[in-house]
Amino acid sequence: RTHAVNGRSTRSFIDEGRWQKLVDELRAGDFVIIQFGHNDEKTADPARGTDPQTTFQDNLRRFVRDARAKQAAPILATPICRRKFDGEGRLLPTHGAYPDAIRAVAAEEAVPLIDLERATAAWLQEAGDEGSKKFFMWIEPGKHPKLPEGKQDDTHLVEAGAARVAELAVA
């Protein structure tokens with residue numbers, strides 16, 4: 001089962017009761033892959049923003065401990081990279097201290113870590129600025145019925161990008 005919902009941070013996932021619903025459904029032996037960061041970064045939004053050194057890590061610790069209390073196996077994952085390149089063609093980091101905060105909690109709590117930030121950084125750097133567009137929502141006007149004006153989105157993936165990230169996660 002997936003409980004993922006776009007646009008949520010650790011804070012909003014808890015505040016909306018989504019985390020408790022997940023915990024209530026957990027069974028011994030379940031795996032819980034926990035990946036946040038993109039929306040926790042929105043610190044100007046009091047409903048979503050968290051501090052990477054305090055509230056964000058506290059929320060991740062809660063997720064890990066609650067899962068373990070139900071005899072489930074938590075796994076932490078860093079967020080995937082956004083598609084942002086500089087003028088020299090170098091992929092730029094956009095997640096600030098959040099990936100390191102996740103890595104720190106994973107080490108502290110002895111939880112497996114899927115480091116999607118590093119894996120997707122290597123992949124996107126290899127694909128390059130132009131080559132990576134096909135994996136993200138770079139949709140030309142008139143090409144998709146739900147997006148008649150088109151879209152240029154460097155955060156959200158199309159199917160080919162999602163499949164590649166899934167391969168990286170499994171690896």
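Look above for the structure.
Student: Before we go on, may I ask you to explain unusual backbone geometry in this structure?
Tutor: Phi is mostly negative for residues that are not glycine, and the peptide bonds are mostly trans. With phi around 60°, Gln 71 is a residue other than glycine that occupies positive phi space. Turning to its location among the elements, Gln 71 is positioned in the loop between α3 (55-69) and β2 (73-77). Classification of Gln 71 by relative accessible area gives exposed; the value is 59%. Backbone geometry places Ala 110, a non-glycine residue, at a positive phi of 55°. Its location among the elements puts Ala 110 in the loop between α4 (98-109) and β3 (113-114). Residue class for Ala 110 comes out exposed when judged on its relative accessible area of 60%.

Student: Looking at this model, I keep getting lost on the sheet that holds strand β1 (residues 31-35). Mind explaining?
Tutor: The pairing of strands in a sheet happens through backbone hydrogen bonds and is either parallel or antiparallel. Read across the open sheet, the three strands follow the order β1-β2-β3; overall the sheet is parallel. The open sheet terminates on both sides in strands that have one partner only, identified here as β1 and β3. The sheet strands contacting α3 are β1 and β2, and the helix crosses β2 at an angle near 155°.

Cut-offs applied
Residues numbered from 1 in each chain as written. Predicted model: local features only at pLDDT ≥ 70, side-chain atom pairs only at ≥ 80, totals over all residues. Heavy atoms only, no water. Helix = DSSP H or I, 4+ residues; strand = E, 2+ residues; numbered from the N terminus. Buried < 20%, exposed > 50% of the residue type's maximum accessible area, 1.4 Å probe, protein only. Pairing = 2+ DSSP bridges. Contact = heavy atoms within 4.5 Å. Axes fitted to C-alpha atoms, helices over the stretch in contact; angles between N-to-C directions.

Everything listed is a geometric property; what it means functionally is a separate question.
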